[in-house]
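Summary of the model geometry
One-letter residues, chain by chain:
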Amino acid sequence: MRTLKLVFVICVWFLFTIESCLCRFVVENISLKVTSPEKLKDTYKCALANFGIPRYGGTLTGVVRYRKANHEACHELTDDISFKPKKPGGLPVFLLADRGGCYFSKKAWNAQNAGADAILVEGDSDKLITMEMPEDPGATYLQNLTISSVLITQSLGTLIKQSLENNDIVLVILDWTEALPHPDERVEYAFWTNSNDECGLKCDTQLNFVKTFKHVAKMFEQQGHTKFTPHYITWYCPEDYKSSERCKSQCINHGRYCAPDPEGDFSKGYTGKEVVVQNLIQACFYKVASEDGKPWFWWDYVTDFSNRCQMKEKKFNKECAYEVIATFRIEIAKINECVGNIEAETENAVLKAEQEAQIGDGTCGDVTMQPTLVINNRQYRGRLDNKAVLKAICSGFKETTEPTLCLSNEIEANECLIDNGGCWIDKVANITACKDTFRGKVCECPIVNGVKYVGDGYTHCEASTALRCEVKNGGCWEGTNDGRNYTACIDGHTKGCTCPTGFKGDGVSSCEDIDECKEKRACQCSKCKCKNTWGSYECSCAANLFYLKEHDICTSTKDINTSDGWGFGWAFFVLIAIGVVGYIFYKYRVRRYMDLEIRAIMAQYMPLDNEAEVPITRSHGEI
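Right, let's walk through the structure included here.

Digging into the overall build of the chain
Helix and strand content of the chain: 12 helices and 28 strands. By residue count, 44% of the 623 residues in the chain fall in the buried class. When the accessible area of the chain is evaluated, it comes to approximately 34,300 Å², of which 53% is carbon and sulfur surface.

Quick look at the structure:
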């Protein structure tokens, strides 16, 4: 009877999948570069497995080995061979194995136990597929499986085998550097999960991931480095089955949103319907928390719910969920409004959006399994290990924009520490063009204190503006003595160092004081006394004598006063003369002008003595 029920569940969910979408599963590939032998040199595609620890953002180089005996790697390899390097510095070993005979993951596990660093599984055709984890409760080794695993085409596998038979050394580089897009300074990622905690290894894996990764996830989100969105897979019940009790127990809103029975047994335990309700509550919690500006609360809520509302303790219900929500000061009314009436024959906006989001677009395939992690619109492949996921997210940032955590020693190796990464460096000013990135390094002329350096970044960089002296004094010499400061850097010059006046040298490593007295450059008059100072000199004269620097002479006060007195006298005389002439000119011109004006006015009213009377005539009628 239990078998029949399980068959029914499988059949119904097969119909759910077929009717809900024509699934488009995308195989996630990375590059496989063969560097030896010469005849195989090329770049090929290989498919990532959905188990083991991937190396997003990095590369792995190894030498390929193949065993004709146990060629499918389905049996332990430790008895007849060990791939561990016999001495330090040996190349990692990639085991080539044929498809078939056992689970893909079992082949990888046997290769790992034999000391291999990666396994290349040859497919039975030239079509690449994704190697999945088995749905086998007995596969307890999966949590300890760490080696990189890829599937290669049958034609490439054949070529590699032929080269190995000819005793050629086959060297391969697995390259994850372009496995994920990295367009800008923010990574967008989504996690497809569910609230079910009784689905075996997958449920345990996703819950453990949420608990161990939440601290990093919250920090990235709060600092604006990432945009995270949780999602929940739901299907709808086929029209012909909506009225069945099976669909009613697994769906809400009249068969529109469904989930499989947690135990696969309709007669006991929780139902798929209860799982859908909790999925909806979690999705609504994220929605309301996001509207409040705190989307990262989702990580804490899911963690607390999984700890306090477990199925095995019979607390997997709405009441327990709302008790947890209350601790976050999220309005229950908003959650209820989002959840809506699950018995109504209407659509739920949140779950409808979830179903639409399951359909992939562009390079992202349809989401058909859970848990699934999507980073920058590409599906992550490999075990949900918190460190591996962190590396994958870090590889999604545009180079030189990664958060500090992505550049820590535990996550990546700083290539700038070795020979400055082959980039330009000014050792005097301690300025370098090498910038550490998650994928390696870039050589890019820097911007220091607002001053942009320009050049190729490898052999040459120079300040693009006249402000270079503000940055490490432009790499020039600088010295201070007795309160005096001198520098060989000249503002307004984009390059070069010149010792200031009073010094000599290359201007970079040193500038030495010039002894103007010893070299007879100044203070050379017969009565002068020269004293050298740092960067300059002092010149003095005997008593009652003064030094005139402009003429480099010593002269007496009398000479200075006499010379000055005569000069002043002549200047005063000239000024007096100019004043007198000016006054005479002014008096003559003004007086004559005023006389003429007065005479003109008086002439209008009375004849002057020296002028004849002007007769006045009037016409008739003027009185």
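Now that the structure is up, let's keep going.
Here's the deal with the side chain of Ser395
Summarising the element assignment, Ser395 is placed in the loop between helix 11 (386–394) and strand 14 (425–426). In this structure the side chain of Ser395 is engaged in a polar contact, spanning 2.6 Å, whose partner is the backbone oxygen of Ala392. Apart from residues lying up to four places away in sequence, Ser395 is in contact with Tyr56, Gly57, Leu180, Pro181, His182, Phe438 and Arg439.

What about the state of the cysteines?
Per the counting criterion, the structure on display carries 16 disulfides. With its sulfur 2.0 Å from that of its partner, Cys394 forms a disulfide with Cys406. Disulfide Cys394-Cys406: the torsion about the S-S bond is -80°, which places it as left-handed. Taken together, the residues span a long stretch of sequence, with Cys394 in helix 11 and Cys406 in the loop between helix 11 and strand 14 at a distance of 12 residues. Note on accessibility: Cys394 and Cys406 belong to one class, buried. Paired by a disulfide, Cys423 and Cys443 hold their sulfur atoms 1.8 Å apart. Its S-S torsion of approximately -70° makes the covalent link between Cys423 and Cys443 left-handed. Here the residue Cys423 occupies a position in the loop between helix 11 and strand 14, and Cys443 occupies one in strand 17 (residues 441–443), the gap between them amounting to 20 residues. Cys423 gets classed as buried once you look at its relative accessible area, which sits at 8%. You can call Cys443 buried: its relative accessible area is 11%.

Examining the pairing of strand 28 (residues 553–556)
Across a regular strand the side chains alternate sides, sitting on one face of the sheet and then on the other. As paired elements, strand 27 (residues 545–548) and strand 28 share 4 bridges and run antiparallel to each other. Its bridge partner lying in strand 28, Tyr547 is registered against Cys554. The antiparallel hairpin formed by strand 27 and strand 28 contains 4 residues in its connecting segment, where Asp552 sits at a positive phi of about 50°.

Description of the packing of aromatic side chains
If you walk through the whole model with that rule in mind, you get 24 aromatic pairs. Aromatic pair Phe228 and Trp299: ring centres 4.7 Å apart, planes at 40°, arrangement tilted. Separated by 71 residues along the polypeptide, Phe228 in strand 9 (residues 226–232) and Trp299 in helix 7 (residues 297–308) bring together distant segments of the chain. Note on Phe228: relative accessible area 2%, which makes it buried. Exposure remark for Trp299: the relative accessible area of 2% places this residue in the buried category. Here the aromatic rings of Trp424 and Tyr453 are separated by 6.2 Å at their centres, their planes lie at 35°, and the arrangement is tilted. Within this pair, whereas Trp424 is found in the loop between helix 11 and strand 14, its partner Tyr453 is found in strand 19 (residues 451–454), the two being separated by 29 residues in sequence. Judged by its relative accessible area of 12%, Trp424 falls in the buried class. For Tyr453, a relative accessible area of 8% translates into the label buried. An aromatic cluster of at least three residues, connected via ring pairs, comprises Tyr189, Phe191, Phe209, Phe213, Phe228, Trp298 and Trp299.

Thresholds, definitions, all that
Residues numbered from 1 in each chain as written. Predicted model: local features only at pLDDT ≥ 70, side-chain atom pairs only at ≥ 80, totals over all residues. Heavy atoms only, no water. Helix = DSSP H or I, 4+ residues; strand = E, 2+ residues; numbered from the N terminus. Buried < 20%, exposed > 50% of the residue type's maximum accessible area, 1.4 Å probe, protein only. Areas by Shrake-Rupley, 256 points an atom, 1.4 Å probe, with all protein chains shown as cover. Polar contact = N/O pair within 3.5 Å; in protein donor to acceptor, adjacent residues only side chain to side chain. Contact = heavy atoms within 4.5 Å. Disulfide = S-S within 2.5 Å. Pairing = 2+ DSSP bridges. Phe/Tyr/Trp six-rings, centres within 6.5 Å; stacked < 30°, edge-to-face > 60°.

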